[in-house]
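Residue strings, one per chain:
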Amino acid sequence: MDPQRRQGPSVPERKGQKRKLDEETVIGDEQQQMQQREISSSSAGTSSSDARQALLSEVSAQVNVLNTTFSWLEADRAAAKRATHVLAELAKNEEVVNWIVEGGAVPALVKHLQAPPTSEADRNLKPFEHEVEKGSAFALGLLAVKPEHQQLIVDNGALSHLVNLLKRHMDSNCSRAVNSVIRRAADAITNLAHENSSIKTRVRMEGGIPPLVELLEFTDTKVQRAAAGALRTLAFKNDENKNQIVECNALPTLILMLRSEDSAIHYEAVGVIGNLVHSSPNIKKEVLAAGALQPVIGLLSSCCSESQREAALLLGQFAATDSDCKVHIVQRGAVRPLIEMLQSPDVQLREMSAFALGRLAQVIT
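Residues numbered from 1 in each chain as written. Predicted model: local features only at pLDDT ≥ 70, side-chain atom pairs only at ≥ 80, totals over all residues. Heavy atoms only, no water.

As recorded in an unreviewed UniProt entry, the chain goes by Armadillo repeat-containing domain-containing protein and comes from Citrus sinensis.

Asks: Looking at this structure, how should I read the overall build of the chain?
Replies: Within the chain, the secondary structure is distributed over 24 helices and zero strands. Within the chain, buried positions represent 53% of all 365 residues. A separation of at least 24 residues holds for 77% of the contacts in the chain among residues at least 6 apart in sequence. (Helix = DSSP H or I, 4+ residues; strand = E, 2+ residues; numbered from the N terminus. Buried < 20%, exposed > 50% of the residue type's maximum accessible area, 1.4 Å probe, protein only. Contact = heavy atoms within 4.5 Å.)

Asks: Explain the environment of Glu133 here, please?
Replies: For Glu133, the position within the fold is in helix α8 (residues 131-143). A residue is classified by how much of its surface remains accessible, and Glu133, at 1% relative accessible area, is buried. Spatially, the C-alpha atoms of Glu133 and His112 are 5.7 Å apart, while their sequence positions differ by 21 residues. Looking at Glu133, its side chain comes within polar contact range of the side chain of Arg77, at 3.2 Å. (Polar contact = N/O pair within 3.5 Å; in protein donor to acceptor, adjacent residues only side chain to side chain.)

Asks: How should the packing of aromatic side chains be read in this particular structure?
Replies: In this description, an aromatic ring pair is defined by two values, namely the gap between the centres and the angle between the planes. Inspection of the entire model under this criterion finds zero aromatic pairs. Here the basic side chain of Arg184 rests over the ring of Phe138, its NZ or CZ set 4.0 Å away from the ring centre. The side chain of Arg232 reaches across the aromatic face of Tyr267, ending 4.5 Å from its centre. (Phe/Tyr/Trp six-rings, centres within 6.5 Å; stacked < 30°, edge-to-face > 60°. Lys NZ or Arg CZ within 6 Å of the ring centre and 35° of its normal.)

Asks: Is there a simple way to explain the pattern of salt bridges in this structure?
Replies: Think of it this way: side chains of opposite charge can pair up when their charged atoms draw near. Taken as a whole, this structure holds ten salt bridges when the rule is applied. Ionic pairing is found between Glu131 and Lys134, a salt bridge with its closest N-O pair at 3.4 Å. Of the two residues, Glu131 and Lys134 both sit in helix α8, three residues apart, roughly one turn of that helix. Glu131 sits in the buried class, given a relative accessible area of 18%. With its nearest N and O atoms 3.5 Å apart, the salt bridge here joins Asp262 to Arg225. (Salt bridge = Lys/Arg side-chain N within 4 Å of Asp/Glu carboxyl O.)

Asks: Is there a simple way to explain the nonpolar core in this structure?
Replies: In a soluble, globular protein the nonpolar side chains are often hidden away together inside. Ranked by size, the top nonpolar core spans 102 residues in total, and within it Ile100, Leu143, Leu162 and Phe318 carry the most contacts. Broken down by element, the residue count for this core peaks at nine residues, all from helix α12 (residues 176-193). Residue-level mapping places this core at the junction of two domains, with at least three residues from each of domain 1 (53-115 + 128-248) and domain 2 (249-364). Contacts of Ile100, omitting those with residues within four sequence positions, involve Leu55, Val59, Leu87, Leu90, Ala91, Ala105 and Leu143. (Core = buried A, V, L, I, M, F, W, Y, C linked by side-chain atoms within 4.5 Å. Domains from an automatic or database assignment.)

Asks: Can you walk me through unusual backbone geometry in this structure?
Replies: A negative phi angle characterises most non-glycine residues, just as the trans form characterises most peptide bonds. Here Phe128, not a glycine, exhibits a phi torsion of approximately 55°, which is positive. By the element assignment, Phe128 lies in the loop between α7 (105-111) and α8. In this structure, His130 takes a positive phi of about 75° despite not being glycine. Position of His130 among the secondary structure elements: in the loop between α7 and α8.

Asks: Mind showing me how you'd approach the packing of α8 against α12 here?
Replies: Think of two packed helices as two axes; the pair is described by the angle between the axes and how far apart they sit. Interaxial distance between α8 and α12 falls to 8 Å at its minimum, and their mutual angle equals 20°. As the angle between them shows, α8 and α12 are arranged roughly parallel. In this structure, the crossing between α8 and α12 has a hand that is left-handed. Here Glu131, Glu133, Lys134, Ala137, Phe138 and Gly141 of α8 lie close against α12, whose contacting residues are Ala177, Ser180, Val181, Arg184, Ala185, Ala188 and Asn191. (Axes fitted to C-alpha atoms, helices over the stretch in contact; angles between N-to-C directions. Parallel < 35°, antiparallel > 145°, perpendicular 65-115°, else oblique. Left-handed = near helix turned anticlockwise from the far one by under 90°.)

Asks: Is there a simple way to explain the UniProt feature "repeat: ARM" (unreviewed entry) in the chain in this structure?
Replies: Here the UniProt feature "repeat: ARM" (unreviewed entry) sits at residues 104-158, 157-207, 207-242 and 249-291. Within residues 207-242, the helical portion is 72% and the strand portion 0%, while the C-alpha atoms at the span's ends are 14 Å from each other. (UniProt positions renumbered as here; feature names shortened; annotations may be inferred.)

Asks: Would you explain the packing of helix α21 (residues 305-319) against helix α24 (residues 347-361) in this entry?
Replies: At a minimum axis separation of 8 Å, α21 and α24 run at an interaxial angle of 20°. As judged from the angle between their axes, α21 and α24 are roughly parallel. Crossing angle aside, the handedness with which α21 passes α24 is left-handed. Contacts between α21 and α24 involve Ser305, Gln308, Arg309, Ala312, Leu313, Gly316, Gln317 and Ala319 from the first element and Gln348, Leu349, Met352, Ser353, Phe355, Ala356, Arg359 and Leu360 from the second. Of the residues that constitute the contact of α21 with α24, the class distribution is eight nonpolar, six polar and two charged. (Nonpolar A, V, L, I, M, F, W, Y, C, P; charged D, E, K, R; others polar.)

Asks: What should I look at first to understand the confidence of the model for the chain in this one?
Replies: Should pLDDT be low for a region, the predicted coordinates there are not to be read in detail. A residue-level look at the chain finds 86% of positions with pLDDT of 70 or above and a mean pLDDT of 89. Note that pLDDT drops below 50 for residues 23-30; the model gives that stretch 18 contacts with residues more than four away or on any other chain. Within the model, pLDDT remains below 50 along residues 41-45, and this stretch shows one contact once partners closer than five positions in the same chain are excluded. (pLDDT = per-residue confidence, 0-100.)

Asks: Sorry, what's going on with helix α9 (residues 147-155) here?
Replies: Counting along an α-helix, one turn takes 3.6 residues, and residues three or four places apart therefore face a common direction. Three or more residues of α9 are buried, namely His149, Gln150, Ile153 and Val154. Looking straight down α9, one finds its buried side chains confined to an arc of 135°; they lie on one side. Exposed positions of α9 whose direction lies more than 90 degrees from the buried face are Glu148 and Asp155. Considering only its buried residues, α9 is in contact with α6 (97-102), α7, α8, α10 (158-165), α12 and α13 (197-205). Downstream of α9 by a residue or two, Gly157 has a phi angle that is positive, lying close to 90°. (Arc of directions from axis to C-beta.)

Asks: I would appreciate a short explanation of α12 in the present structure.
Replies: The first and last C-alpha atoms of α12 sit 26 Å apart over 18 residues, in line with the 26 Å expected at 1.5 Å per residue. Glu195 occupies a position one or two residues after α12 and carries a positive phi of about 55°. (Expected span 1.5 Å × (residues − 1).)

Asks: When you look at the state of the cysteines in this model, what are you seeing that I'm missing?
Replies: Put plainly, two cysteines are in a disulfide when a covalent bond ties their sulfur atoms together. On inspection of all chains with the given rule, the structure shows zero disulfides. With no disulfide partner, Cys303 has as its closest neighbouring cysteine sulfur the one in Cys304, 6.6 Å distant. Exposure remark for Cys303: the relative accessible area of 78% places this residue in the exposed category. (Disulfide = S-S within 2.5 Å.)

Take a look at the structure:
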């Protein structure tokens, strides 16, 4: 067993086991909100069997809409957008996710991860462009909260479509809609790959890693965070994925992200780097050679306790490299903030600082 995991197994494990379950409201118009309230209130006052039947009926109606509106007609696009939103709103309740899948939502949603065929008449007018695909990606990401549904979604062909969505900015002007669909695609990949080694490998085989690495430099910070979150999950306990992420030249950008004033950005970046170096001595050396040490030490003084924990864990990993690395960590000012972290009310923060200090105190023979 790796010594670092004895110090605080919950923290290192959690680094790679992230899901993106964004709770933002996805139903915008009053009619859909009223419809959702009606479903909830009617279910509350009926038996479990009746509630299940009511929900299955609603899911069936929305699936039917998706199956009959795959075109660029404005009415079809509007109806498909509403259907994806209703299914996503329902899927926020984890207790009914199984019923949504049972109702046939997965293949219908996967179909709408791609744009409808374009005719000559459609070329200049594309209503709700990117919006339906965004809603489908969001709903599928929520359905992937159940491990048994991850493979079903992938088997229906979702990954290739999601990888294509990551590249939408290449063919379109960057807009809020484009940024949103890219972010939802990255989040869906994160959820699909969560604790699923075979799907992590499938993402790589579908070509998902290069566009995610490219998105680390995206101008929209939400897209950056989503891309880093996906890479963080894909790198966890998957050596081939780790190697490809490094080969795609992700390290310089990740190290720049460590210096970001946005705590969400540097938290994701240090998490990706932590998963890359874990049990990978060669990558650890590459990360150090790329200049990660000082910005990681800087994160020990971050206002974000999660980033502090990740940084302390990473320094403990660095300290096991060689004696020279230990000396550099001490000389660059890591000891004082690590000692201060021992006084933190956060138990995990104390555990990680103790782990790092213990590694620094070890004699390498």
